[in-house]
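What the coordinates show
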Amino acid sequence: MSHPVQLTITRPDDWHLHLRDGAALEAVVGDTARQFARAIIMPNLKPPVTTTEQALAYRERIVAALNKTVGEGVDFTPLMTLYLTDNTPAAEIERAKASGQVFAVKLYPAGATTNSDAGVTDLLGKCAPALTALEKAGMPLLVHGEVTDPAIDVFDREAIFIERVMQPLRRAYPGLKVVFEHITTKEGAEYVRDAEGPIAATITPQHMLYNRNAIFQGGVRPHWYCLPILKREVHRQALVQAATSGSPRFFLGTDSAPHAKGLKEHACGCAGCYTALHAMELYATAFENAGALDKLEGFASHHGPDFYGLPRNTGTLMLVREPFSIPDELPYGNTSIVPLAAGEALPWRVQV
Ligand SMILES: [Zn+2]
């Protein structure tokens, strides 16, 4: 494709999003609703969203925040998830499915990332009833794929997870739909590309655009710190290749994760990049850099709903070739957040 001045695609969805709660939720939900028709909402609140009842209450808070900040009638649907624990009963999965509002269950290995203390300690042992029910319901298990063994190097935790957890899980539940969330490595991309059975992966904009040098350029750069952490250039290239390959197994999931500026710029800074404001601008830049703008629509708008068994959106989103300056900070309750690549300019802008 040469140098188009605009690009119209089916309205996209975000298959991995953190919206938080309360004032933080009100600060960020409008950003996502401007770009995406639907988003899979992560359940790692404090306390985590472990029941259908909690998920439906959280959904109501999201809709109320949207109505308050963007206005009624905005076309955005939150797709809720449950947080898998060692004690999630099969009946909870059945309630989730029956609700028509809960679309997936998230696996956090205990201690893997923000608010994951309640996560799973013994997946194949303690979670057997829930996994059996998920497989039967055809509901995807969304996997944060990193081992938490402190003896494993932080840059190797995804690759080791494939051998230690993903392969045994998928051998035990071959019909279970699994989304390997925010893959960051060549090993992750190749595993998803080649594995048998119902598996897919989401890829974030930061893992397509940056390698780990970004975290250390001229000093420690906390706004480039997320989990799983940015990896070597060879891994970034493998992720770009996967996302732009046209394979229906790879789709968009920003993992946009707002943290107050002071908690990022901190002695023990939080993990997460805020990309909800400019997600499609970031992805369009990454796809264009790879000479693959024609593959953006499949990745952003088709492959996700197809894997989840949901209809594709009917609306459209237009990107225009105009410089988009990423603001230095955005309001966030009574503090602020720093979006990814703050202060830089991107060549594409979403037309609103
Ligand atoms: Zn996440």
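Residues numbered from 1 in each chain as written. Predicted model: local features only at pLDDT ≥ 70, side-chain atom pairs only at ≥ 80, totals over all residues. Heavy atoms only, no water.

Where strands meet in a sheet, backbone hydrogen bonds hold them as pairs that are either parallel or antiparallel. Sheet architecture is open: 3 strands sit in the order β1-β10-β15, paired in antiparallel fashion. Looking along the sheet, the strands with just one partner apiece sit at the ends: β1 (6-10) and β15 (349-350). Sheet analysis places strand β10 (residues 316-320) next to β15, joined by 2 bridges and oriented antiparallel. Bridged to leucine 319 within β15 is valine 350. (Pairing = 2+ DSSP bridges. Helix = DSSP H or I, 4+ residues; strand = E, 2+ residues; numbered from the N terminus.)

This part covers the packing of aromatic side chains. The full count for this structure, using the stated rule, is 10 aromatic pairs. Geometrically, the ring pair formed by tyrosine 210 and tryptophan 224 is edge-to-face, given 5.6 Å between the ring centres and 85° between the ring planes. With a gap of 14 residues between them, tyrosine 210 in the loop between α8 (205-209) and α9 (213-216) and tryptophan 224 in the loop between α9 and α10 (233-243) connect regions that are remote in the sequence. Considering the side-chain rings of phenylalanine 287 and phenylalanine 299, the 5.2 Å spacing of their centres and the 45° angle between planes classify their relative orientation as tilted. Linking phenylalanine 287 in helix α12 (residues 279-289) with phenylalanine 299 in helix α13 (residues 296-308), this pair joins segments that are 12 residues apart in sequence. Exposure remark for phenylalanine 287: the relative accessible area of 0% places this residue in the buried category. Given the relative accessible area of 0%, phenylalanine 299 is considered buried. (Phe/Tyr/Trp six-rings, centres within 6.5 Å; stacked < 30°, edge-to-face > 60°. Buried < 20%, exposed > 50% of the residue type's maximum accessible area, 1.4 Å probe, protein only.)

The subject of this paragraph is the environment of tyrosine 173. With respect to the secondary-structure elements, tyrosine 173 resides in the loop between α6 (157-172) and β7 (178-180). Take tyrosine 173: its relative accessible area is 10%, and that puts it in the buried class. Between the C-alpha atoms of tyrosine 173 and alanine 276, which are 103 residues apart in sequence, the distance is 34 Å. For tyrosine 173, the contacting residues outside a window of four places in its chain are Leu124, Ala128, Leu131, Thr132 and Glu135. (Contact = heavy atoms within 4.5 Å.)

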